[in-house]
Number of protein chains: 2
Amino acid sequence: MAKRGDVTRNKIQDAAEELFAARGFYGVTVREITRLAGVDTALANYYFGSKKNLFDSVLLRRAEGLNEARLKALEDVEREAGDNPPDLEKVIDAFTHPLLDRSERGGPEWKSYFALIAQVNNSPEWGGRMMTEYFDPLVRRFIAAIKRALPNTPDEDIYWAYHFLSGALVLTFAETGRIDNLSDGLCRSSDLESVHRRLPPFIAAGFRALKERDSEKS
Amino acid sequence: MAKRGDVTRNKIQDAAEELFAARGFYGVTVREITRLAGVDTALANYYFGSKKNLFDSVLLRRAEGLNEARLKALEDVEREAGDNPPDLEKVIDAFTHPLLDRSERGGPEWKSYFALIAQVNNSPEWGGRMMTEYFDPLVRRFIAAIKRALPNTPDEDIYWAYHFLSGALVLTFAETGRIDNLSDGLCRSSDLESVHRRLPPFIAAGFRALKERDSEKS
DNA sequence: AGTTATTTTCTACACTTGTTTAATTTTGGT
DNA sequence: ACCAAAATTAAACAAGTGTAGAAAATAACT
């Protein structure tokens, strides 16, 4: 049940999420955040201690539920496969679909959250540490599933392929409008349904190509 | 030939490049930049007018030469192909290799520059506009070559596949150390030679998978 | 050498930064 | 209704922000 100060707490996090997503950690002031939230400036520090803590809390807030949903999707795929290796496309879909789905149907907060992730992920300052902290256990589970789906593939290939997957997925969330410009309006950054149809087969084929490439040169 | 104030101009740009790459536009102060450059604070505004102009000039400085080299690499591939469609892997390699090569062998300035690009690319504030401004003409040339390499592929597939390529490539430049953590040291973010071997076949297979997927369902 | 023109330094402006403190108001439990 | 706990407000802190202008130093050209 909701405690006393939870509504203001959440208002501050909501405003912070939106603004951090737009201009990053340093591009936003505490005063902007509290103004957008409609509360006094001092409340940000009252509830979160520091700007940095607020930033962390915004990132953490949605991470747990997200990872649970993705883990469940993976377990469904594995259960369906039984003792056979799981289908690679389906594993990748379990990894990406919960994200794409929330971004498309979860309301603008989710868009902000993912745009924030997109920035954090590519930042040398936060990228390595924070992504590792919040997503590593889940990612390791997925990589293990991918290894089962692609037996006899060298580990280096798996990790680099995952890295490419991560980059492609995360740029999608940034929704910078670049593909809109490039395609003269034919494709839209916000059309995540198109991504959902294309990303799993695209990435799965890439994974398999690395596996093939390696078995050739033996 | 070098004009009078060019050395300080470059010192400021070098320092700005390094710092912007580490903490982004807002995360760095003009005073930090000039301190690292070893010059007076006022010189940043004297030479560049404003912090924002300095930022732009840093991004622009290496973009031109870079695009020339990539265009030349593409033209070589096309010349080699003659009247036949060019080889897809080779087109992708012409797109990525000049970047990976400079990052690996061009000294730390290039690493900074690409890390900066990695941040800008995923930022909603700069991403769409700046990348379009500096790289669009070249990217359109490459997309045209890819279309020739993959005849009868729907344009939407081409653009989305390019988008995935772009995300994978750009995350590589961020060198956040994430893959180092994830692989427990087996892979290293800085090992761009590994990327150079794997990215073109990975991406080419993805492109082809989208083409196949589409011709199936007719 | 003398006179521009360019570059560099120093100082200061007007304003914003994150955070803290103390006073005040509101709330929940008894 | 009373009291302690929690939440909110207003004010201020010291430090730092981008930028500009006048003075000084340096270089270039005739």
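Along each chain, numbering runs from 1 in the same order as the chain's sequence is written. Note on labels: chains are lettered from A, ligands numbered from 1, in written order. Totals for whole chains, interfaces and linings use all residues, but because this is a predicted model, local features are given only for residues with pLDDT of at least 70 and pairs of side-chain atoms are given and counted only at 80 or more. Side-chain numbers here rest on the full set of heavy atoms in the structure, without hydrogens or water.

### Some details on the protein's contact with DNA strand C
Residues are classed as near a molecule or strand on a simple rule: at least one heavy atom within 4 Å of it. Near DNA strand C lie 18 residues; those nearest to it are Thr-29, Val-30, Arg-31 and Lys-51 of chain A together with Tyr-47 of chain B. Backbone atoms, meaning sugar and phosphate, form 59% of the atoms of DNA strand C found within 4 Å of the protein. In this structure, a phosphate oxygen belonging to DNA strand C sits 3.2 Å away from a side-chain N or O atom of Asn-45 of chain A. Two N or O atoms count as a polar contact when they lie within 3.5 Å, although within protein this holds only if one can serve as hydrogen donor and the other as acceptor, and sequence-adjacent residues are included solely when both atoms are side-chain atoms. The separation between a phosphate oxygen of DNA strand C and a polar side-chain atom of Tyr-46 of chain B is 3.2 Å. Working definition: helices are DSSP H or I runs of at least four residues, strands are E runs of at least two. Numbering for both runs from the N terminus. At the level of secondary structure, the elements contributing two or more residues to the surface near DNA strand C comprise α2 (30-37) and α3 (42-48) of chain A together with α3 (42-48) of chain B. Among the elements that line the surface near DNA strand C, the one with the most residues is α3 of chain B, at 4 residues. Classification used: nonpolar for Ala, Val, Leu, Ile, Met, Phe, Trp, Tyr, Cys and Pro, charged for Asp, Glu, Lys and Arg, polar for all others including Gly. For the surface near DNA strand C, the residue count by class is 7 nonpolar, 5 polar and 6 charged.

### What to know about the protein's contact with DNA strand D
For DNA strand D, the set of nearby residues contains 19 residues, the closest of which are Gly-5 and Tyr-47 of chain A together with Thr-29, Arg-31 and Lys-51 of chain B. For DNA strand D, the fraction of protein-proximal atoms (within 4 Å) that sit in sugar or phosphate groups is 58%. Measuring from a phosphate oxygen of DNA strand D, one finds a side-chain N or O atom of Tyr-46 of chain A at 3.3 Å. Between Arg-31 of chain B and DNA strand D, the recorded distance is 2.7 Å, taken from a side-chain N or O atom to a base nitrogen.

### Quick look at the interface of chain A and chain B
Residues are treated as being in contact if the distance between any of their heavy atoms lies within 4.5 Å. Taken together, the contact pairs 63 residues of chain A with 63 residues of chain B. When two components associate, each loses some accessible surface as probed by a 1.4 Å sphere; the sum of these losses over both components is called the buried area. Together, the buried faces of chain A and chain B total about 5,600 Å²; carbon and sulfur atoms form 67% of this surface. Area buried by chain A at its contact with chain B is led by Trp-160, Arg-198 and Phe-202 of chain A, which between them contribute 15% of it. For this analysis, a salt bridge means a side-chain nitrogen from Lys or Arg found within 4 Å of a carboxyl oxygen belonging to Asp or Glu. The interface formed by chain A and chain B includes 6 salt bridges. Residues Asp-136 of chain B and Arg-178 of chain A are paired through a salt bridge, measuring 2.8 Å at the closest nitrogen-oxygen approach. Taken together, the connections running from chain A to chain B amount to 15 residue pairs in polar contact (both at pLDDT 80 or more). Looking at the side of chain A that touches chain B, the elements that each hand over two or more residues are α1 (6-23), α6 (108-121), α7 (127-149), α8 (155-174), α9 (178-182) and α10 (192-216) of chain A.

### Points about the packing of helix α5 (residues 88-105) of chain B against helix α6 (residues 108-121) of chain B
All names here are of chain B. As a packed pair, α5 and α6 sit with axes 6 Å apart at the nearest point and diverge in direction by 130°. Looking at the two axes, α5 sits oblique to α6. The residues of α6 that touch α5, namely those facing Leu-99, Arg-102 and Ser-103, are Trp-110, Lys-111 and Phe-114. Tallied by class, residues from the contact of α5 with α6 come to 3 nonpolar, 1 polar and 2 charged. Lines fitted to C-alpha atoms define the axes, with helix axes restricted to the stretch in contact, and inter-axis angles between N-to-C directions lie between 0 and 180 degrees. When describing relative orientation, an angle under 35 degrees is termed roughly parallel and one over 145 degrees roughly antiparallel, while 65 to 115 degrees is termed roughly perpendicular and anything else oblique.

### Remarks on α1 of chain A
Residue and element names in this part refer to chain A. Across its 18 residues, α1 extends 26 Å between first and last C-alpha, which sits within 8% of the 26 Å expected from 1.5 Å per residue. Residues Thr-8, Ile-12, Gln-13, Ala-15, Ala-16, Glu-17, Leu-19, Phe-20 and Ala-21 constitute the buried set of α1. Where α1 is buried, its residues touch α2, α3, α4 (51-81) and α6. Backbone geometry just after α1 places Gly-24 at a positive phi near 80°. The length a helix should cover is 1.5 Å for every residue beyond the first. Three labels apply to residues, based on accessible area from a 1.4 Å probe with only protein chains included: buried if under 20% of the type maximum, exposed if over 50%, partly exposed otherwise in between.

### Structural notes on the relation of the copies chain A and chain B
Two chain copies here: they are related by a rotation about an axis and a translation along the same axis. Our superposition of the copies is a least-squares fit, built on the C-alpha atoms of residues whose pLDDT is at least 70 in both. When chain A is fitted to chain B, the residual RMSD is 0.0 Å, and the transformation amounts to a turn of 180° plus an axial shift of 0.0 Å. Overall, the copies show the geometry of a two-fold rotation axis. Residue by residue, 100% of the interface of chain A is reproduced at the interface of chain B, so both copies engage with the same surface.

### Regarding the pattern of salt bridges
Oppositely charged side chains may form a pair once their charged atoms are brought near each other. For the structure shown, the criterion picks out 43 salt bridges over all chains. Here Glu-104 of chain B makes a salt bridge to Arg-105 of chain B, at a shortest N to O gap of 4.0 Å. Since its relative accessible area comes to 31%, Glu-104 of chain B is described here as partly exposed. A salt bridge links Arg-140 of chain B to Asp-136 of chain B, with the shortest nitrogen-to-oxygen separation between them at 3.4 Å. Of this pair, Arg-140 of chain B and Asp-136 of chain B both sit in helix α7 (residues 127-149), separated by 4 residues, roughly a single helical turn. For Arg-140 of chain B, a relative accessible area of 33% corresponds to the partly exposed category. If you follow the salt bridges from partner to partner, you end up with Asp-14, Glu-17, Arg-61 and Arg-62 of chain A in one network.

### Quick look at the domain arrangement of chain A
Residue and element names in this part refer to chain A. Residue ranges labeled as domains rest on an automatic or database domain assignment. What the domain assignment lists for chain A is domain 1 (1-49) and domain 2 (62-216). For the pair domain 1 and domain 2, the two sides together bury roughly 640 Å², of which 52% comes from carbon and sulfur. On the domain 1 side of the interface with domain 2, the three residues burying the most area are Glu-17, Ala-21 and Tyr-26, jointly 67% of the side's total. The salt bridge partner of Arg-62 is Glu-17, with a shortest N-O separation of 2.8 Å. Taken together, the links from domain 1 to domain 2 amount to 3 residue pairs in polar contact (both at pLDDT 80 or more). For the side of domain 1 that touches domain 2, the per-class residue count stands at 5 nonpolar, 1 polar and 4 charged.

### Points about the packing of α8 of chain A against helix α8 (residues 155-174) of chain B
In the contact formed by α8 of chain A and α8 of chain B, the axes pass within 7 Å of each other and the chain directions differ by 110°. Here α8 of chain A lies roughly perpendicular to α8 of chain B, going by the angle between them. Both α8 of chain A and α8 of chain B take part in a crossing whose hand is right-handed. Across from His-163, Phe-164, Ser-166, Gly-167, Ala-168, Leu-171 and Thr-172 of chain A in α8 of chain A, the residues of α8 of chain B making contact are His-163, Phe-164, Ser-166, Gly-167, Ala-168, Leu-171 and Thr-172 of chain B. Considered class by class, the residues forming the contact of α8 of chain A with α8 of chain B number 6 nonpolar, 8 polar and no charged. Here a crossing is called left-handed whenever its near helix is offset anticlockwise from the far helix by less than a right angle, and right-handed whenever the offset is clockwise.

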